[in-house]
2 protein chains.
Amino acid sequence: MLNPYENAAPLAVRQKIRAGEITGQTSGMCLGYAQANLAVLPKDLAYDFLLFTQRNPKPCPILEVSDVGDPCLHKIAKDCNIATDIPKYRVYEKGVMVGEYTDVTKFWRDDLVAFLIGCSFSFEAELLESGVTVRHIEEGKNVPMYLTNIPCEPAGVFSGNMVVSMRPLPNDQIVKAINITASMPRVHGTPVHIGDPEAIGIHDLSHPDFGEAVTIRPGETPVFWACGVTPQSIVMNSKPDFCITHAPGHMLITDVKNADLKF
Amino acid sequence: MLNPYENAAPLAVRQKIRAGEITGQTSGMCLGYAQANLAVLPKDLAYDFLLFTQRNPKPCPILEVSDVGDPCLHKIAKDCNIATDIPKYRVYEKGVMVGEYTDVTKFWRDDLVAFLIGCSFSFEAELLESGVTVRHIEEGKNVPMYLTNIPCEPAGVFSGNMVVSMRPLPNDQIVKAINITASMPRVHGTPVHIGDPEAIGIHDLSHPDFGEAVTIRPGETPVFWACGVTPQSIVMNSKPDFCITHAPGHMLITDVKNADLKF
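Notes on the structure in this doc start here. Note that the structure is predicted; figures quoted are calculated from it, not measured.

1. Overview of the overall build of chain A
Assigned secondary structure in chain A consists of 6 helices and 13 strands. In terms of overall dimensions, chain A is globule-like: its C-alpha atoms have a radius of gyration of 18 Å, near the 18 Å expected for 263 residues. Along the three orthogonal principal directions, the C-alpha set of chain A runs to about 55 × 40 × 30 Å. Taking all 263 residues of chain A together, the buried fraction comes to 55%. If you take every contact in chain A between residues at least 6 apart in sequence, the share linking residues at least 24 apart comes to 77%.

Next comes the structure, spelled out in structure tokens:
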């Protein structure tokens, strides 16, 4: 899969995104650099959400939280305006999507807080580097994701079950995959479950709740990781008055190398 | 150092503390179980403090945050009232200590939030178990702690420099100590500095800012870990209207085994 921006520098790509020259998905861009999920909430919900992420670090690994009202990031990306530097956003009112935009400057308010959340792209790059199978990439699909019966720890107005992503692994690669992801707690960390899908409330692997089903071959076991779709799902359940997220697959490309997310 | 409660169950000891039968330091009690630092703040400061801990996980590793107004913990200790189950508390108004108490029920308010923060006792137990030298325990002293020139990431009203604890290690034990503490990110994790104290703004190891100086022998190197005194020091700098902490050495004994704080 050739991407014209696969070897580009993150800042250069963010500038093209800000200028409206890139509006598509970010998968495959700036290889080696972490990409991040976005959730923007008003301050009056930010405490509950921050506490939710603290209580549920596996599905909600925070990479950066902006200062109240400030659209600029200071840690994971420099010269970065979070209202312009993502290719596509979704704006929600009372839990209902009211539109998709390539720039949300006109929606920005003095009481907004941006949460940047780690993404499984980062650990997948490390798995591939170590020769571990990543089936949905092999098959050119979006990773299959499932709603489970695993309850998240509630916090204030936020509660609900965990969403997981699934990657089938040859049995002799499972330990290696656990060790690699164990070293990356800031991007979901170790699997939450290995094997029987029923044990976590998943009845049919061929019908994922999000993404696409992938082939599971003989001698392979499904391995489940906490998924960054969880916080979006939880936020939408609570029907906040106002919320901005990235559009699926349209992530923030950060200046942080995946390798720097180890410990 | 024999302690009559070294093999007691945490709940049994917390009940004696609640009943006022134990009012002393908790060091050496319930061996194998994690102990936690306490900071209680009004809700209007809790967001900034929670964000501060998120931005500074090494000095401020959160084990649990209570629900607003609820003095009960639900995760790291069962049947636990945080206003009664610590042997000694300090109450502060506008940054000034107004008293020490063995029970703070009468000070509890509907807007208070309790933060329980991991403690180096947990990783010291693992170091000892693995044969790594812990000098201040050998010498029967409190660990030496130093204010550094390492700035914490500020969050809202909270800012300041990091406090570190120092343990001198024989040079052939340093790598082992790093690996052991790397596996315990919820109790300060890896060292923040190894070697030259001047490099982090410490001019005289024989005069710690808190705790007591320890012997550094030939062939040993000082190793510095982020210290749980940091959040207390930061909170006091901001002179909050109201705050409760544990008294030094008088910690919450949790139901969580140190071994369970690995990843």
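2. Regarding the relation of the copies chain A and chain B
Mapping chain A onto chain B calls for a screw motion: a turn of 180° about the axis and a shift of 0.0 Å along it, with 0.0 Å RMSD after fitting. The transformation just described matches what one would write down for a two-fold rotation axis. Among all residues of chain A, the minimum C-alpha distance to the rotation axis is found for Tyr 47 of chain A, at 2.7 Å. A symmetric contact is evident, with 94% of the interface residues of chain A recurring at the interface of chain B.

3. Here we look at helix α1 (residues 10-18) of chain A
Since the α-helix advances by 3.6 residues per turn, residues separated by three or four positions end up pointing in the same direction. Residue and element names in this part refer to chain A. Residues Pro 10, Val 13, Arg 14 and Ile 17 constitute the buried set of α1. One side of α1 holds all its buried residues, which, seen down the axis, span an arc of 100°. Lining the buried residues of α1 we find β1 (33-42), β4 (80-81) and β13 (252-257). Looking one or two residues past α1, Gly 20 carries a phi angle of roughly 80°, positive in sign.

4. Focus: the interface of chain A and chain B
Contacts between chain A and chain B engage 18 residues on the former and 17 residues on the latter. Where chain A abuts chain B, roughly 1600 Å² becomes buried across the two surfaces, and 60% of that area is made up of carbon and sulfur atoms. Across the chain A-chain B interface, the total number found is 2 salt bridges. The salt bridge involving Asp 67 of chain B is made with Arg 55 of chain A; its shortest N-O contact spans 3.0 Å. Remark: the boundary between chain A and chain B carries 5 residue pairs in polar contact (both at pLDDT 80 or more). For the side of chain A that touches chain B, the secondary structure elements donating two or more residues are α2 (43-55), β2 (62-65) and β7 (112-118) of chain A. Per element, the largest residue contribution to the side of chain A that touches chain B is 7 residues, and it comes from α2 of chain A. Partitioned by chemical class, the residues of the side of chain A that touches chain B number 11 nonpolar, 2 polar and 5 charged.

5. Some details on the sheet that holds strand β9 (residues 161-170) of chain A
Within a beta sheet, neighbouring strands are joined by backbone hydrogen bonds and run either parallel or antiparallel to one another. All names here are of chain A. Strand order in the open sheet formed by 4 strands is β8-β9-β11-β10, and the pairing between neighbours is antiparallel. On the outer flanks of this sheet lie β8 (145-151) and β10 (193-194), each paired with one strand and no other. Taken together, the 7 bridges between β9 and strand β11 (residues 220-226) define a ladder with antiparallel strand orientation. Across the sheet, Leu 169 pairs through a bridge with Thr 221, a residue of β11. Taken strand by strand, helix α5 (residues 174-182) contacts β9, β10 and β11, and its axis lies near 15° from that of β11.

6. As for the packing of aromatic side chains
All names here are of chain A. One pass over the structure, following the stated rule, counts 8 aromatic pairs over all chains. Both rings, one in Phe 49 and one in Phe 158, keep their centres 5.6 Å apart while their planes meet at 75°; by these two values the pair is edge-to-face. Within this pair, whereas Phe 49 is found in helix α2, its partner Phe 158 is found in the loop between β8 and β9, the two being separated by 109 residues in sequence. Taken as a pair, Phe 49 and Phe 158 share a single burial class, namely buried.

7. Considerations on the packing of helix α3 (residues 121-129) of chain A against α5 of chain A
All names here are of chain A. Contact pair α3 / α5: the axes reach a minimum separation of 10 Å and the direction vectors enclose 135°. Comparing the axis directions of α3 and α5 gives the class oblique. Crossing of α3 against α5: the hand is right-handed. In contact with Phe 123, Glu 126 and Leu 127 of α3, α5 contributes Ala 177, Ile 180 and Thr 181. Residues of the contact of α3 with α5, tallied by class, amount to 4 nonpolar, 1 polar and 1 charged.

8. Quick notes on the packing of α2 of chain A against helix α2 (residues 43-55) of chain B
Contact pair α2 of chain A / α2 of chain B: the axes reach a minimum separation of 10 Å and the direction vectors enclose 45°. Comparing the axis directions of α2 of chain A and α2 of chain B gives the class oblique. Helix-helix and strand crossings are classified by hand; for α2 of chain A and α2 of chain B the assignment is left-handed. Residue-level contacts link Lys 43, Ala 46, Tyr 47, Leu 50, Leu 51 and Gln 54 of chain A of α2 of chain A to Lys 43, Ala 46, Tyr 47, Leu 50, Leu 51 and Gln 54 of chain B of α2 of chain B. Looking at the contact of α2 of chain A with α2 of chain B, its residues break down into 8 nonpolar, 2 polar and 2 charged.

9. Some details on the environment of Gly 211 of chain A
All names here are of chain A. Inspection of the secondary structure assignment puts Gly 211 in the loop between β10 and β11. Classification of Gly 211 as partly exposed rests on a relative accessible area of 37%. In this structure, the C-alpha to C-alpha distance between Gly 211 and Asn 142, residues 69 residues apart in sequence, is 5.1 Å. Apart from residues no more than four positions distant in its own chain, Gly 211 is found in contact with Asn 142, Val 143 and Met 145.

Conventions adopted
- Residues numbered from 1 in each chain as written.
- Chains lettered and ligands numbered in written order.
- Predicted model: local features only at pLDDT ≥ 70, side-chain atom pairs only at ≥ 80, totals over all residues.
- Heavy atoms only, no water.
- Helix = DSSP H or I, 4+ residues; strand = E, 2+ residues; numbered from the N terminus.
- Rg over C-alpha atoms; globule rule 2.2 N^0.38 Å.
- Buried < 20%, exposed > 50% of the residue type's maximum accessible area, 1.4 Å probe, protein only.
- Contact = heavy atoms within 4.5 Å.
- Least-squares fit on C-alpha atoms with pLDDT ≥ 70 in both.
- Arc of directions from axis to C-beta.
- Buried area = accessible area lost by both parts, 1.4 Å probe.
- Salt bridge = Lys/Arg side-chain N within 4 Å of Asp/Glu carboxyl O.
- Polar contact = N/O pair within 3.5 Å; in protein donor to acceptor, adjacent residues only side chain to side chain.
- Nonpolar A, V, L, I, M, F, W, Y, C, P; charged D, E, K, R; others polar.
- Pairing = 2+ DSSP bridges.
- Axes fitted to C-alpha atoms, helices over the stretch in contact; angles between N-to-C directions.
- Phe/Tyr/Trp six-rings, centres within 6.5 Å; stacked < 30°, edge-to-face > 60°.
- Parallel < 35°, antiparallel > 145°, perpendicular 65-115°, else oblique.
- Left-handed = near helix turned anticlockwise from the far one by under 90°.

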